[in-house]
Amino acid sequence: MAVVISGTGLFTPPESISNDELVQCFNQYVDKHNEENSQAIANGEITALSPSDSAFIEKASGIKSRYVMSKKDILDVNIMSPRFVERPNEALSMQAEIGVAAAKDALKAANKTPADVDLIIVACAYTQRSYPAMAIEIQQVLGCGGWAFDMLVACSAATFGIINAANAIRSGTAKTVLVINPEILSPQINYKDRDSHFIFGDVATASVIEDESTATGEHIFKIIAEQPITQFSNNIRSNMGYTNACTPETLLAPDKFFIQQGRKVFKEVLPMVSQLISEQMTKVNLQASDIKRLYLHQANINMNNFIAKKVLEREPSAAEAPIILDEYANTSSAGCIIALHKNKADLVSEDKAVLCSFGAGYSACCLILEYV
């Protein structure tokens, strides 16, 4: 049985924050902090904070802007965090809302209706709540039958979700699957931390997975090889969780937000990912020259360039390894799907592509795709 990705969808929040806007707010905070703590800094009791700048951010990451669900409060130096209006239980949740928008876009691309879908997987870094599952809420709103569940695999959630969808189709427990990645990441950011305040943005993506025999979308990718891998590491971590309220004195401590040891991540993850891609290419007898497109996780431009160069055995062109993080920033699991969604129109039949994610866990997942 040949399983395909027959359509993708994208929801982009209406508001964007540029590096200049983010830096202006951050530097206001730095000035305020240093002034309020001037005596303690002079006494050597605490260290003065250093300002940021847009050139530093772009050089370090390739990021120029990011989309968010709540711009005003993030740029308020007295708040520096997104603020959402809590919705009653009877209302559609925010995460389900953006997931539905991406799902409808994907269904349209795949020439499918909600009635065709018999499994929904919401795969992302965080879900808005533990239960009822976001996937089941989306299932109800769309009017799909079958079953639905949530899964969390940080930045690899989308590709892990696609593999689970493909296996459900192969096993006969589903015929058409929606994998939805509603990534609301701005709440995990410590906007007062110079090293990480610029990294993430909000977005939602979706993919339709089905048997090739039923696929009628305009852009279809057949999955010809796949492999996930995990390896425990504390070098990328978020301690957000429902037990945080049990220790209220540290509820908003820095370690409750996204933290990482960037140099260690670079050193340890990139060889693992490069080897994983190489092994999957070998599995289906592909050489570097056979790869038309690399749809990589969009975390850092330097990481992507390293992996692309390793896989292609030369410097990649912009078309071969498309970058979307300059506009979207790191969108966790959604990044590689955005890259695919926006960069497929020029492909021709039998072109080969790599869809690969990697991140916290550590987790990584590689799919080799053939354009149909």
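To be clear, the structure that these remarks concern was listed above.
Residues numbered from 1 in each chain as written. Predicted model: local features only at pLDDT ≥ 70, side-chain atom pairs only at ≥ 80, totals over all residues. Heavy atoms only, no water.

Draft legend 1. A look at the overall build of the chain. Across its full length, the chain holds eleven helices and 13 strands. Rg of the C-alpha trace for the chain: 21 Å, near the compact-globule value of 21 Å for 372 residues, within the 12% margin. Viewed in the frame of its principal axes, the chain has a C-alpha envelope of about 70 × 55 × 35 Å. Expressed as a percentage of the 372 residues in the chain, the buried residues total 54%. A separation of at least 24 residues holds for 78% of the contacts in the chain among residues at least 6 apart in sequence. As displayed, the chain offers around 16500 Å² of accessible surface, 50% of which is attributable to carbon and sulfur atoms. Considering the chain, the positive charge centre built from 31 side chains and the negative charge centre built from 42 side chains are found 3 Å apart. (Helix = DSSP H or I, 4+ residues; strand = E, 2+ residues; numbered from the N terminus. Rg over C-alpha atoms; globule rule 2.2 N^0.38 Å. Buried < 20%, exposed > 50% of the residue type's maximum accessible area, 1.4 Å probe, protein only. Contact = heavy atoms within 4.5 Å. Areas by Shrake-Rupley, 256 points an atom, 1.4 Å probe, with all protein chains shown as cover. Lys, Arg positive; Asp, Glu negative; His and termini not counted. Charge placed at Lys NZ, Arg CZ, Asp CG, Glu CD.)

Draft legend 2. Local environment of the sheet that holds strand S5 (residues 147-152). Pairing in this open sheet of nine strands is mixed, and the strands run S5-S4-S6-S7-S1-S8-S13-S12-S11 from one edge to the other. Two strands lie at the open edges of the sheet, namely S5 and strand S11 (291-296), each paired on one side alone. Sheet twist, expressed as the average angle between the axes of neighbouring strands with direction ignored, equals 25°. Along the sheet, helix H5 (residues 94-110) makes contact with strand S1 (3-11), strand S4 (119-124), strand S6 (176-183) and strand S7 (203-211), crossing S1 at roughly 130°. Against the sheet, helix H7 (residues 157-171) makes contact with S1, S4, S5, S6, S7, strand S8 (221-230), strand S12 (352-359) and strand S13 (363-371), and its axis sits at roughly 120° relative to S8, the strand it touches most. (Pairing = 2+ DSSP bridges. Axes fitted to C-alpha atoms, helices over the stretch in contact; angles between N-to-C directions.)

Draft legend 3. A look at the environment of Gly 146. Its place among the elements puts Gly 146 in the loop between helix H6 (134-142) and S5. In the structure, Gly 146 is positioned 66 residues away from Glu 212 in sequence and 20 Å away in space, judged by C-alpha atoms. Beyond its immediate chain neighbours, meaning those up to four positions away, Gly 146 contacts Asp 118 and Gln 139.

Draft legend 4. The arrangement of the pattern of salt bridges in detail. Following the criterion strictly, the structure yields 13 salt bridges and no others. Note that Lys 71 is salt-bridged to Glu 21, the shortest N-O span being 3.1 Å. Placement of Lys 71 in helix H4 (residues 71-74) and of Glu 21 in helix H1 (residues 19-36) is noted, with a sequence separation of 50 residues between them. Lys 256 is the partner of Asp 255 in a salt bridge, and the nearest nitrogen-oxygen pair spans 3.1 Å. It is possible to trace a salt-bridge network through shared partners that takes in Lys 222, Lys 352 and Glu 370. (Salt bridge = Lys/Arg side-chain N within 4 Å of Asp/Glu carboxyl O.)

Draft legend 5. Main features of the packing of H1 against helix H3 (residues 54-61). With their axes 9 Å apart at the nearest point, H1 and H3 run at an angle of 120° to one another. By the criterion of interaxial angle, the relationship of H1 to H3 is oblique. Every pair of crossing elements has a handedness; the one defined by H1 and H3 is right-handed. On the side of H1, the interface is formed by Asn 19, Asp 20 and Val 23, while H3 contributes Ser 54, Ile 57 and Glu 58. (Parallel < 35°, antiparallel > 145°, perpendicular 65-115°, else oblique. Left-handed = near helix turned anticlockwise from the far one by under 90°.)

Draft legend 6. Structural context of helix H8 (residues 262-283). Between its terminal C-alpha atoms H8 stretches 31 Å, which fits the 32 Å expected from 22 residues at 1.5 Å a residue. Most pronounced at Val 269, the bend in H8 amounts to some 25°, and the proline Pro 271 follows within four residues. Residues of H8 that are buried: Val 265, Val 269, Leu 270, Met 272, Val 273, Ser 274, Leu 276, Ile 277, Gln 280 and Met 281. One or two positions beyond H8, positive phi appears at Asn 285, with a value near 55°. (Expected span 1.5 Å × (residues − 1). Bend = angle between axes of the 7 residues up to and from the residue.)

Draft legend 7. Representation of H3. Taken as a whole, H3 has its buried residues at Ser 54, Ile 57 and Ser 61. One side of H3 carries all its buried residues, which in axial view fall inside an arc of 65°. In H3, the exposed positions angled more than 90 degrees off the buried face are occupied by Ala 55 and Lys 59. On its buried face, H3 sits against H1, helix H9 (301-312) and helix H10 (325-328). Where H3 starts, the residue carrying a side-chain oxygen 3.1 Å from the main-chain nitrogen of Ala 55 turns out to be Asp 53. Where H3 terminates, the next one or two residues include Gly 62, which has phi positive at roughly 90°. (Arc of directions from axis to C-beta. Polar contact = N/O pair within 3.5 Å; in protein donor to acceptor, adjacent residues only side chain to side chain.)

Draft legend 8. Spatial organisation of the packing of aromatic side chains. Counted according to the given criterion, the structure contains eight aromatic pairs. Relative to Phe 198, the ring of Phe 56 lies with its centre 6.1 Å away and its plane at 85°, an arrangement referred to as edge-to-face. Pair noted here: Phe 56 is in helix H3 and Phe 198 is in the loop between S6 and S7, with a separation of 142 residues, a long-range link. For Phe 56, a relative accessible area of 25% translates into the label partly exposed. For the ring pair Trp 147 and Phe 149, a centre distance of 5.8 Å and an interplane angle of 25° mean the geometry is stacked. By relative accessible area, Trp 147 is classed as partly exposed at 36%. A cation sits over an aromatic face here: Arg 194 above Phe 56, 4.3 Å from the ring centre. (Phe/Tyr/Trp six-rings, centres within 6.5 Å; stacked < 30°, edge-to-face > 60°. Lys NZ or Arg CZ within 6 Å of the ring centre and 35° of its normal.)

Draft legend 9. Summary view of the nonpolar core. Core analysis: the largest hydrophobic core is formed by 50 residues, its most contacted members being Val 273, Ile 277, Leu 294, Ile 307, Val 354, Cys 356 and Phe 358. If near-sequence neighbours (up to four positions away) are discounted, Leu 294 is found in contact with Ala 308, Val 311, Leu 312, Glu 320, Ala 321, Pro 322 and Val 354. Within the second largest apolar cluster, 41 residues are counted, among which are Ile 121, Ile 209, Ala 334 and Tyr 371. (Core = buried A, V, L, I, M, F, W, Y, C linked by side-chain atoms within 4.5 Å.)

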